Amino acid sequence: MAGSWYPGTPAAIAAEVEGYLASARPPAVPGRLVGLISPHAGLRYSGPVAAHGYGLLRGRSRLTVVMVGPSHHAAFDGVADRKSVETPLGRVPIAEDIAGALLAAGPAVCDDPEMHRDEHSLEMQLPFLQHVVPGLRLVPLLMGSQSREEADSLAEALARVLAGRDVLLVASSDLSHYQPARVANRLDAEVAECVGRFDPEGLMARLERRHDHACGGGPMVAVMKAARSLGADRATVLRYGDSGDVGEGDKSRVVGYLSAALSAPAA
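Residues numbered from 1 in each chain as written. Predicted model: local features only at pLDDT ≥ 70, side-chain atom pairs only at ≥ 80, totals over all residues. Heavy atoms only, no water.

### Observations concerning the packing of helix H6 (residues 181-196) against helix H7 (residues 200-209)
Now for step 1: It is the contact of H6 with H7, at a shortest axis distance of 8 Å, that shows an interaxial angle of 155°. In this view, H6 runs roughly antiparallel relative to H7, as classed from their interaxial angle. Taken as a pair, H6 and H7 cross one another with a handedness that is left-handed. Contacts from Glu-190, Val-191 and Cys-194 of H6 reach H7 at Gly-202, Leu-203 and Arg-206. (Axes fitted to C-alpha atoms, helices over the stretch in contact; angles between N-to-C directions. Helix = DSSP H or I, 4+ residues; strand = E, 2+ residues; numbered from the N terminus. Parallel < 35°, antiparallel > 145°, perpendicular 65-115°, else oblique. Left-handed = near helix turned anticlockwise from the far one by under 90°. Contact = heavy atoms within 4.5 Å.)

### Regarding unusual backbone geometry
Most peptide bonds take the trans configuration, and most residues that are not glycine carry a negative phi.
Now for step 1: For Tyr-178, which is not glycine, the phi dihedral falls at a positive 60°.
Now for step 2: Mapped onto the elements of the fold, Tyr-178 is located in strand E9 (residues 177-179).
Now for step 3: Phi is positive for Phe-198, close to 55°, though the residue is something other than glycine.
Now for step 4: Within the secondary structure, Phe-198 is located in the loop between H6 and H7.

### Let's talk about helix H3 (residues 96-104)
Now for step 1: Turning to H3, its buried residues are Ile-98, Ala-99 and Leu-102. Taken around the axis of H3, the buried residues stretch over an arc of 100°, which confines them to a single face. (Buried < 20%, exposed > 50% of the residue type's maximum accessible area, 1.4 Å probe, protein only. Arc of directions from axis to C-beta.)

### Quick word on the pattern of salt bridges
Now for step 1: This model, assessed by the stated rule, comprises 13 salt bridges.
Now for step 2: Between Glu-86 and Arg-91 there is a salt bridge, with its nearest N and O atoms 2.9 Å apart.
Now for step 3: With a shortest N-O distance of 2.7 Å, Glu-208 and Arg-148 are connected by a salt bridge. A residue pair is termed long-range when its members are at least 10 positions apart, and Glu-208 in helix H7 and Arg-148 in helix H5 (residues 148-162) qualify at 60 residues.
Now for step 4: Taking the relative accessible area as the measure of exposure, Arg-148 reaches 28% and is therefore partly exposed.
Now for step 5: One network of salt bridges, in which partners are shared, links Asp-97, Arg-137 and Arg-165. (Salt bridge = Lys/Arg side-chain N within 4 Å of Asp/Glu carboxyl O.)

Structure, rendered in structure tokens:
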């Protein structure tokens with residue numbers, strides 16, 4: 001995706017990401033950050049929204065991030081892990097201890113790096129994460145069918161393996177696709193409402209009724225449920241926007257973007 005979805009050189013990536021971070025003014029998030037929900041479109045489109053979440057990581061270092069995103073190209077059941085991640089900003093080490101524990105936790109997660117080929121949903125989180133967090137480690141997970149059962153199984157495995165660890169969860173998802181802005185904003189407000197009241201069950205029910213709400217709805221539900229098991233009790237919607245907000249964007253066919261934070265009471 002480097003050179004097309006985001007810049008192809010380290011300097012250009014840093015400059016674009018830093019510009020979005022400098023412009024972002026996210027609301028205060030109380031307590032301890034447990035998870036983020038972040039969009040994954042081309043950086044020029046979703047970057048201004050994603051920056052509201054990733055700006056909360058300023059000053060963090062040696063952070064382990066478990067990313068959960070949807071598979072756009074490969075159809076499969078379950079959740080696929082991978083073993084290496086690299087962008088023009090460098091290679092990101094995989095948190096092998098956590099990845100191994102998830103693989104051993106049950107059938108929810110399998111070792112299938114081939115499913116990640118040509119997939120952008122996780123890669124588009126990396127320009128921000130690599131720029132903001134020195135000493136980053138990752139566990140990249142792709143969801144296949146995004147069924148209720150798959151989301152529940154993954155949430156249970158994440159909660160069991162991550163308990164007691166200093167780990168940040170990230171759910172990667174865009175919202176509605178290619179609707180007129182007035183329609184998209186209405187559909188997306190329903191998702192944002194479920195997120196804002198920390199209601200993954202309500203979100204899952206909505207996703208089952210309509211499949212055009214969010215391409216990464218399953219990752220959102222799984223991360224919200226896992227975060228709740230890990231102590232999070234509050235969701236803060238940080239920013240909503242759509243692709244038509246950029247430049248002289250086309251408001252007749254937009255993609256919706258949401259940034260949100262999941263937090264637990266301070267220790």
